[in-house]
Amino acid sequence: MKFSYDVIVVGAGHAGCEAAMTAATMGSKVLLITMDMTKIAQMSCNPAMGGIAKGQILREIDALGGYAGIVTDESTIQFRMLNRSKGPAMWSPRAQCDRMVFTKVWRQYLEQNLNVDLWQGIVTQLMFDENRVTGVISDLGVHFYSKTVILTNGTFLNGLMHVGQNKFHGGRISEPESKFISDQLHNIGFTVGRMKTGTPVRIDGRSVDFSKLTEQEGDNDFYKFSFLPEISSKLKRLTCYITYTNLNTHKILEKGFDESPMFDGTIQSVGPRYCPSIETKLKTFADKDKHQLFLEPEGENTIEFYLNGFSSSLPWEVQLEGLRSVEGFENVKIFRPGYAIEYDYFDPTQLKHTLETKLIENLFFAGQINGTTGYEEAGAQGLIAGINAHNKCLGKEDFTLARDEAYIGVLIDDLVTKGVDEPYRMFTSRAEYRILLRQDNADERLTQKGFDIGLASQQRVDLLNEKITKRNKLIDFVKNFSVKPDQINDFLISKDSAILKQGVKLIDIILRPQVGLNELIDEVNELKEFVASFGQRKEEILHSAEILIKYSGYIEREKLIADKFKRLDDIVIEDRFDYLSINTLSTEARMKLNSIQPKTIGQASRIPGVSPSDISILLVMLGR
């Protein structure tokens, strides 16, 4: 019996689910292989989606027609917009999710897609025809053939977990590791490395004295992740809580350092610098007398809590003793301790921007296998890999995103151009054009692109066009409508803003930093009547209009800068040079350019170790 598919996706984590759903939605026949069908899109660590820059990625996935935003919205138990005190380029949505509902909803969407088949098992081997992948073999010896394969193995490739001196193999707690694939790919010629991540202790909420903790409530406004207005959560909204470690906590935890695999040489792989373990915090920030901890609910109907900020691989007894010295946790009980996990990854400079490997045709990598960390980064890679695997089956052109088009474009360009020396996490600071890449305009940037490739629906395009039309009409209205002093002065006084001595256009009031467009609705009846027809999308349209009004100068200036640098990405140099023979290039540049084989001058300019003078030499050789 022969099983044949267009796309095989190995691993049903966040990258795998997005890859499978994307390729299937576009029309490919997909097989999704997972070790455990009850843990599809498992939130292995924090039961939350979004956050700084990650929220922008999630909105971009949704704008293109992906599903992570939809699933998040349907499983949300708390929503917060982070960085509101800063400009809109920094605003980042974040949702606390019900872990069980999240998995359930993702599985429902996959099962409802008739182009997706599911197989529970472990892939132990890839099949090749010379330098082209042709399928996979399972642990039961079943051969599955396909035109393309996407590996999204997460932390399961030779996963090794640590709790104190105890070591055990697996990809997640109580789940087996995936063996043999790393060795097979290494023998072919792939560069394989090791990385580390960790996860905190899980708390029994019945044993916590919440009266001693600071409550952190969510927002109650229109924000969410999906641009589809009908998508929302029906779950009860819950709160998170804040507490702190103390000097006594630190003394207790430091007693376990001698048995910590982080410090005794057991763990030698590199962990995420931006999400350090509690023991790393105590070493790095030895002068701090406390560290903030966030107690976050795992779901609507569970007593299990996640302790954000307490990732650890210390002995379980030390973890528990340290916790009981924290205010509110004096009698705490735990379901399981935190642990560290080491796993294999592949140097992402071995990939094209499509996430297809350079060494083996039709083989794609997505997620932590590429040295990233985070659900959102994984989902973004899964979506891009899914699109390009589908396109490869049909002989269609590659689909990539530029750095001025999406955080997803920044993410993938960073990976394939610069590589990684630690688990890669997205931040707004990594994007040169973050004023252009706001969370509010992801649909304007990407929905038409998603529609053109057959991923985003016509409904999404119609919603986008409606939003733009109404927003532009609103901007025209405030540009042309005049307000008089007696209409607005009392309001301006309440906002500590200078009063009017004569009538001005409404837009001049909105441009004042103390004044929000939404606040003017109750002050100007004509404006209130004008926006009344916007219906349930009123807040979204008002927000979009206000950003364009207040920040138009910054936006236009950044567009000019992006256009200037984009010209370098239009100069194709792929297969044009034998870099090792160009003696005028620096030695480091020759080695880096030869290894990465950049596609354009723009990509070459972003390779660490390639200087502006090296780029000038290449341009001269091109006759530029």
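Residues numbered from 1 in each chain as written. Predicted model: local features only at pLDDT ≥ 70, side-chain atom pairs only at ≥ 80, totals over all residues. Heavy atoms only, no water.

Before going further, it helps to spend a moment on the sheet that holds strand S5 (residues 92-97). The three strands are arranged S3-S5-S4 in an open sheet whose pairing can be described as antiparallel. Because the sheet does not close on itself, it has two edges, and the strands there are strand S3 (48-50) and strand S4 (76-82). Across the sheet, the mean angle separating the axes of adjacent strands is 20 degrees when strand polarity is ignored. By the bridge criterion, three bridges tie S3 to S5 in an arrangement that is antiparallel. Bridging across to S5, Gly50 finds its partner in Arg94. (Pairing = 2+ DSSP bridges. Helix = DSSP H or I, 4+ residues; strand = E, 2+ residues; numbered from the N terminus. Axes fitted to C-alpha atoms, helices over the stretch in contact; angles between N-to-C directions.)

Moving on, we come to the pattern of salt bridges. One pass over the full model with this rule turns up 43 salt bridges. Between Asp73 and Lys224 there is a salt bridge, with its nearest N and O atoms 3.9 Å apart. Note that Asp73 is positioned in helix H3 (residues 68-74) and Lys224 in the loop between strand S13 (214-216) and strand S14 (240-244), a separation of 151 residues in sequence. Each member of the pair, Asp73 as well as Lys224, is classed as buried. (Salt bridge = Lys/Arg side-chain N within 4 Å of Asp/Glu carboxyl O. Buried < 20%, exposed > 50% of the residue type's maximum accessible area, 1.4 Å probe, protein only.)

A word on the pairing of strand S16 (residues 304-311). With respect to burial, S16 is a largely interior element, six of its eight residues being buried. Looking at chain direction, strand S12 (residues 192-204) and S16 are connected through four bridges and run antiparallel. Looking at S16, one finds that Asp204 is bridged to Glu304. Where strand S15 (residues 292-297) lies against S16, four bridges are found, and the strand directions are antiparallel.

What follows deals with helix H4 (residues 99-112). Under the 1.5 Å per step criterion, the end-to-end length of H4 is 20 Å for 14 residues, consistent within 8% with the ideal 20 Å. Among the residues making up H4, those that are buried are Arg99, Phe102, Thr103, Val105, Trp106, Tyr109 and Leu110. Along the axis of H4, the buried positions cluster into a sector of 165 degrees, meaning they face one direction only. With respect to the buried face of H4, the exposed residues turned more than 90 degrees away are Lys104 and Gln112. (Expected span 1.5 Å × (residues − 1). Arc of directions from axis to C-beta.)

Among the nonpolar cores identified, the biggest contains 106 residues, and Trp106, Leu151, Leu363 and Ile408 are the most heavily contacted of them. The biggest single contributor to this core is helix H9 (residues 375-394), with nine residues. Setting aside its immediate chain neighbours within four residues, Trp106 contacts Cys17, Glu18, Met21, Ile40, Ala41, Tyr67, Ala68 and Val71. Membership of the second largest hydrophobic core comes to 26 residues, among which are Phe477, Phe481, Val515 and Leu542. (Core = buried A, V, L, I, M, F, W, Y, C linked by side-chain atoms within 4.5 Å. Contact = heavy atoms within 4.5 Å.)

As a further point, take the packing of helix H1 (residues 14-26) against H9. It is at 7 Å that the axes of H1 and H9 come closest, and there the two elements cross at 30 degrees. Accordingly, the angle class assigned to the pair H1 and H9 is roughly parallel. H9 is crossed by H1, and the crossing has right-handed handedness. Contact residues: H1 offers His14, Ala15, Glu18, Ala19, Thr22, Ala23 and Met26, while H9 offers Tyr375, Ala378, Gly379, Gly382, Leu383, Gly386, Ile387, His390 and Asn391. For the contact of H1 with H9, the residue count by class is eight nonpolar, seven polar and one charged. (Parallel < 35°, antiparallel > 145°, perpendicular 65-115°, else oblique. Left-handed = near helix turned anticlockwise from the far one by under 90°. Nonpolar A, V, L, I, M, F, W, Y, C, P; charged D, E, K, R; others polar.)

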